[in-house]
Every structure is written in structure tokens, then in C-alpha cells.
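The residues making up each chain are set out below.
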Amino acid sequence: MFLFMKNEKKDLRILKTEKLLKESLLELLKTNSLKDISVTEICDNAMINRVTFYDHFNNKEELLNSIIEDIKQDIVKELKKDNSIYDFRKNYRKILEKVINYFDDNKHYFNVSLIDYNNTSLFVSSLYKIFTEYLDETMKCDNIENTKIMSQFFFRSISICYILLG
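Throughout this description, residue numbers start from 1 for each chain and increase along the sequence as written. Reporting in this predicted model follows two pLDDT cut-offs: at least 70 for local features of residues, and 80 or more for side-chain atom pairs to be given and counted; totals over whole chains, interfaces and linings ignore these cut-offs and use all residues. Side-chain measures were taken over the full set of non-hydrogen atoms in the model, leaving aside hydrogen atoms and water.

If you trace the backbone, Lys60 turns up in helix α4 (residues 60-80). For the buried Lys60, no salt bridge is present, and the opposite-charge side chain at shortest range is Glu61, 4.6 Å distant. Any N or O atom pair separated by 3.5 Å or less is treated as a polar contact, with the protein-specific requirement of one donor-capable and one acceptor-capable atom, and with residues adjacent in sequence counted only for side-chain atom pairs. In this structure the side chain of Lys60 is engaged in a polar contact, spanning 3.5 Å, whose partner is the backbone oxygen of Lys35. In contact with Lys60, other than residues within four places in its own chain, are Leu25, Leu34, Lys35, Ile37, Val39, Ile42 and Phe53. Helix and strand assignments come from DSSP, with helices taken as H or I runs of at least 4 residues and strands as E runs of at least 2, each series counted from the N terminus. Residue burial is assigned from relative accessible area. The probe radius is 1.4 Å, only protein chains are included, and a residue is buried under 20% of its type maximum, exposed over 50%, and partly exposed in between. Note on charges: Lys and Arg go in the positive column, Asp and Glu in the negative column, and His and the chain ends are not counted at all. The term salt bridge refers to a side-chain nitrogen of Lys or Arg lying within 4 Å of a carboxyl oxygen of Asp or Glu. In this description, contact between two residues means that some pair of their heavy atoms is separated by no more than 4.5 Å.

Next comes the structure, spelled out in C-alpha cells:
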């Protein structure tokens, strides 16, 4: 379910290279924190030249952000499969269940972010942003304060499940 190939309009070689780099970083994050991983290690693990890395990403943080953006797109795509999901108040349990199932189905990717505090805090802050943006879109008629409260509820519920699944 978790896909790294998002934009079908991109050249297949570009997609394959980016996929290899993302998988390489995720593999290295299983045993190291992001700050301890070098671009050279990412490239060696992916069997890709450093110059090629820099053709796609400016640094390893941008690569990680690209992975997080893929996760965001996957989660939103999952949620949008069901139009009734847009009524958050009526369907919050269904939404939580879909997101929890997504995490459970892809837990081998999410476990790597639990290696150290820096990786976890980056992922958790990104997760909060995902839910805030989703709720901003789905609760347009509500006031901003309600959206923030719902986003915090949603985020905390998912964070607890994420920790339990990890």
C-alpha cells in the first residue's frame, strides 16, 4: 500500500532512482539517526552515484521530507476513497480506523522513525501537519479554533496508536 512512486508523469528512471534513495534512507534509519547518516552512505546503500543524489535532492533532510510527503499523500488518498469521510464529526471513528489500518499495514516503514528522538519528533510534527491540513480542508465551514481542537484530538489518537503498533 505504501508507495514511493507518486507522480506518473515523471520519467520512469527518475521514479526508480528516487524510490531507491528513499528505501536506502529508510533502511539506514533502522540502525542510525538521521544526523548520523551521510549522503555517501545513502548513495552506497542504494548503489547510486552522489552526483545523481544531488540531481534529485539537495540534502538528506529533503529526501526525508519527500518520504514524509509520500506518507501524507497516501493517508489523504486513503481518506478520500470514501466521500462520507468528509463529515468528520459523524465519521471520526471511521477516519481513525482508516488511518490506524494504514499505519498497521505499513508499520515496517514507521518503526524506523522510533529509533531516536530526533526522527520521532520530525515524524510526529509532520503527522500533526498532515491532520491539520486534512481537517482544514474537510471542516471549511467550521471556525479555526474547532479545527485546531479536532486536529489535536485526531493527532493524539493516532499518535497513541502509532506508539502501540510500534
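From this point on, the discussion continues.
This brings us to the packing of helix α1 (residues 12-29) against helix α2 (residues 39-46). Lines are fitted to the C-alpha atoms to define the axes, a helix being fitted only along its stretch in contact, and any angle between axes, read from their N-to-C directions, falls within 0 to 180 degrees. At their nearest, the axes of α1 and α2 sit 8 Å apart, and the two run at 115° to each other. The angle between α1 and α2 places the two elements in the roughly perpendicular class. Our pair here, α1 against α2, has a crossing hand that is right-handed. On α2, the residues touching Leu20, Leu21, Ser24, Leu25, Glu27 and Leu28 of α1 are Glu41, Ile42, Asn45 and Ala46. Grouping the constituent residues of the contact of α1 with α2 by class yields six nonpolar, two polar and two charged. In this scheme, roughly parallel covers angles under 35 degrees and roughly antiparallel covers those over 145, while 65 to 115 is roughly perpendicular and the rest are oblique. Definitions for this section: a left-handed crossing has its near helix turned counterclockwise from the far helix by less than a right angle. A right-handed crossing has that turn clockwise. Only Asp, Glu, Lys and Arg are considered charged, only Ala, Val, Leu, Ile, Met, Phe, Trp, Tyr, Cys and Pro nonpolar, and every remaining residue, Gly among them, polar.

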